[in-house]
Amino acid sequence: MKTRSQCRSGVSFFERLPSEVFDMILRRLTVLEVSVFSMVSKAMSCQIVDHVSTMAWAKRMIPQNFHHSRFPDDKQSTYRHYKALGLLFKRCTLLLPTKDRLKFIHTKFSKIPCFMMQCKPTAASCLGFSSYGVFLQTLIAGWNELECHRVFIFLCDFTDLPRKMEIVVNGRPGANRYLELQIRQFCRQVLLDPWSSRKECGFWLTQILKPWPMVSQARLLFILYGPLLPDGSLGWQQLTSTVLSSSALSDLAKAVLLLHTDLELKDWNTSTILAILEEIRVLPQVWRVENVARLLVLCGTTLCYSVLANKAHNGRLFEISKLLVYLILVCEKDGYCMSWVVTLVQQVCKVFTAAADKWSFIQSLENMFSEVTMEIYEASLAGNPQEDLESFQTLCSILGSSAHFHTEILHMFLKE
């Protein structure tokens with residue numbers, strides 16, 4: 001409460017205090033309490049901005065021990081602190097233009113190597129990017145898209161992100177493995193993963209991908225969401241040499257679905273997504289068909305049908321048939337309902353208008369069952385003991401999937 005003399009002079013009690021005493025008071029408050037304090041008045045906000053601008057405050061209140069957290073409690077404590085810092089910077093810079101707010105934040109965080117993408121990436125032990133992500137999410141919550149776009153431009157300048165992306169998209173896949181991992185960790189932990197809303201996550205993914213041509217978009221999407229090896233590097237060669245599980249491909253499928261299903265992301269449409277998928281499935285070389293089929297199953301009915309229908313319109317019967325056989329195999333292996341792929345075959349069949357084309361499609365599909373079964377059988381005879389077991393299991397699966405698929409087909413006709 002002000003005294004009468006203070007009211008007449010227009011100077012608050014805290015403004016009359018010596019700066020040393022005011023700093024002593026602020027040092028006894030938590031970061032969250034200081035953030036609330038900064039909202040009292042414009043003059044108070046300015047005083048707090050001066051306080052947090054000191055090197056002493058930065059050393060004391062901006063922790064940088066991101067590589068020494070051993071316990072979950074330490075991790076959560078760090079995240080809570082950076083969330084409080086986000087609130088403090090949001091509130092004490094409330095009256096500044098966006099450009100000036102970002103410049104002020106830059107002066108505080110430009111000395112932290114992990115935030116500047118200057119540290120060598122380590123698989124999971126560094127909390128730097130994820131802490132920065134918590135801070136940034138808190139800071140810009142409620143900002144409009146234009147302001148958020150300015151934040152993205154600021155971050156690109158802040159970290160030299162476009163130049164680093166250019167190196168990896170123009171280089172041979174895996175040639176810059178540490179830089180690939182660094183870009184993945186920064187984009188995922190700072191820009192993408194902190195947001196629970198699909199719309200917000202989609203906005204940031206669009207900001208990352210849109211400046212690049214289609215081929216580079218596919219490469220970046222794989223870098224951000226592709227499967228990882230045990231050492232943390234990207235599994236570029238895995239897709240061409242081994243069969244991957246659903247869990248290894250689920251992140252990539254979710255990213256594709258995010259771009260495809262969110263109608264508010266006006267920069268994307270089905271044709272664009274199909275083109276990106278075509279580019280992804282040849283990175284770094286043509287994928288094994290089972291991996292392509294498993295990715296499509298994870299992407300869902302609409303996108304899966306769009307891929308098949310697009311091939312049907314272009315008369316690519318061989319590709320449709322082989323992909324459908326492997327979709328049937330994936331359903332058998334992963335426990336999906338076989339009626340789903342039967343319905344998919346029905347929908348694809350309707351793309352062909354002439355009876356002769358429909359018959360050619362059915363013949364091609366049945367012949368492909370025989371060809372794929374023979375390929376798997378021959379592989380089981382030629383492989384080593386470990387490969388023999390895997391090939392035998394796949395052979396059993398393809399035979400079982402054929403039986404279940406045709407049972408569903410017959411059941412459908414008998415019902416009619």
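Residues numbered from 1 in each chain as written. Predicted model: local features only at pLDDT ≥ 70, side-chain atom pairs only at ≥ 80, totals over all residues. Heavy atoms only, no water.

## Quick notes on the overall build of the protein chain
Then comes step 1: Each helix and strand in the protein chain was counted, giving 23 helices and zero strands.
Then comes step 2: The burial tally for the protein chain puts 48% of its 416 residues in the buried class.
Then comes step 3: Restricting the contact set of the protein chain to residue pairs at least 6 apart, pairs at least 24 apart contribute 70%.
Then comes step 4: A total of about 21,200 Å² of accessible surface is found on the protein chain, and carbon and sulfur atoms cover 57% of it. (Helix = DSSP H or I, 4+ residues; strand = E, 2+ residues; numbered from the N terminus. Buried < 20%, exposed > 50% of the residue type's maximum accessible area, 1.4 Å probe, protein only. Contact = heavy atoms within 4.5 Å. Areas by Shrake-Rupley, 256 points an atom, 1.4 Å probe, with all protein chains shown as cover.)

## Points about unusual backbone geometry
Then comes step 1: Looking along the chain, the bond that leaves Leu 283 and enters Pro 284 is cis, with omega of -10°.
Then comes step 2: One non-glycine residue, Asp 160, lies in the positive phi region at around 60°.
Then comes step 3: Topologically, Asp 160 is positioned in the loop between α10 (145–159) and α11 (161–170).

## Overview of the packing of helix α16 (residues 246–261) against helix α17 (residues 270–280)
Angle between the axes and distance between the axes are the two parameters that describe a pair of packed helices.
Then comes step 1: Two elements in contact, α16 and α17, have axes separated by 9 Å at closest approach and are oriented at 160°. Here α16 is positioned roughly antiparallel relative to α17, judged by the angle of their axes. The way α16 lies across α17 gives a crossing that is right-handed. Residue-level contacts link Leu 252, Val 256, Leu 259 and His 260 of α16 to Thr 270, Ile 273, Leu 277 and Ile 280 of α17.
Then comes step 2: The residue inventory of the contact of α16 with α17, partitioned by class, reads six nonpolar, two polar and no charged. (Axes fitted to C-alpha atoms, helices over the stretch in contact; angles between N-to-C directions. Parallel < 35°, antiparallel > 145°, perpendicular 65-115°, else oblique. Left-handed = near helix turned anticlockwise from the far one by under 90°. Nonpolar A, V, L, I, M, F, W, Y, C, P; charged D, E, K, R; others polar.)

## Some details on helix α18 (residues 289–299)
Structurally, the α-helix is built with 3.6 residues per turn, so residues lying three or four positions apart point the same way.
Then comes step 1: Burial analysis of α18 places nine of its 11 residues in the buried class, the great majority of the element.
Then comes step 2: Two residues or fewer past α18, Gly 300 is found with a positive phi of approximately 95°.

## Some thoughts on the layout of surface pockets
Then comes step 1: One number sums up the size of the largest pocket: a volume of about 440 Å³.
Then comes step 2: Looking at the lining of the largest pocket, the elements with two or more residues in it are α18, α20 (317–334), α22 (355–382) and α23 (385–415).
Then comes step 3: Broken down by element, the residue count for the lining of the largest pocket peaks at four residues, all from α23.
Then comes step 4: Of the residues belonging to the lining of the largest pocket, the class tally is five nonpolar, four polar and six charged.
Then comes step 5: Breaking the lining of the second largest pocket down by element, the ones donating at least two residues are α17, α18, α19 (301–313) and α20.
Then comes step 6: Each residue belonging to the lining of the second largest pocket can be placed in one class, and the counts come to 11 nonpolar, one polar and five charged. (1 Å grid on protein atoms, 1.4 Å probe; cavity = no way out; pocket = protein on both sides within 12 Å on 5 of 7 lines; lining within 4 Å. Points joined across faces, edges and corners; volume = space filled by probe spheres on them.)

## Let's talk about the pattern of salt bridges
Then comes step 1: Throughout the structure, instances matching the rule amount to 13 salt bridges.
Then comes step 2: A salt bridge links Glu 290 to Arg 294, with the shortest nitrogen-to-oxygen separation between them at 3.3 Å. Taken as a pair, Glu 290 and Arg 294 lie in helix α18 at a separation of four residues, close to a single helical turn. Just as Glu 290 is buried, Arg 294 falls in that class too.
Then comes step 3: A relative accessible area of 4% places Glu 290 in the buried class. (Salt bridge = Lys/Arg side-chain N within 4 Å of Asp/Glu carboxyl O.)

## Some thoughts on the packing of aromatic side chains
Then comes step 1: Enumeration according to the criterion identifies 19 aromatic pairs in this entry.
Then comes step 2: Relative to Trp 204, the ring of Phe 203 lies with its centre 5.3 Å away and its plane at 80°, an arrangement referred to as edge-to-face.
Then comes step 3: On the basis of relative accessible area, Trp 204 is assigned to the buried category, the value being 2%.
Then comes step 4: Judged by centre distance (6.4 Å) and plane angle (65°), the ring pair of Phe 222 and Trp 287 falls under edge-to-face. In this pair, Phe 222 sits in helix α14 (residues 214–225) while Trp 287 sits in the loop between α17 and α18, placing the two residues 65 residues apart along the sequence.
Then comes step 5: Taking relative accessible area as the criterion, Trp 287 reaches 4% and is therefore assigned buried.
Then comes step 6: For the cation-ring pair, Arg 177 lies above Tyr 178, with the distance from its terminal atom to the ring centre recorded as 5.0 Å. (Phe/Tyr/Trp six-rings, centres within 6.5 Å; stacked < 30°, edge-to-face > 60°. Lys NZ or Arg CZ within 6 Å of the ring centre and 35° of its normal.)

## What to know about the nonpolar core
Then comes step 1: Membership of the largest hydrophobic core comes to 134 residues, with the highest contact counts inside it found for Leu 221 and Leu 327.
Then comes step 2: In terms of residue count, α20 provides more of this core than any other element does, 10 residues in total.
Then comes step 3: Those residues in contact with Leu 327 that sit more than four places away from it in its chain are Ala 293, Leu 296, Val 297, Cys 304, Leu 308, Val 341 and Leu 344. (Core = buried A, V, L, I, M, F, W, Y, C linked by side-chain atoms within 4.5 Å.)

## Notes on empty space enclosed by the protein
Then comes step 1: As enumerated under the stated definition, the model contains three cavities of 30 Å³ or more in all.
Then comes step 2: Roughly 60 Å³ of internal volume is contained in the second largest cavity.
Then comes step 3: Listed by contribution, the elements that provide at least two residues to the lining of the second largest cavity are α3 (19–27), α4 (31–37) and α6 (55–61).
Then comes step 4: The element that contributes the greatest number of residues to the lining of the second largest cavity is α6, accounting for three residues.

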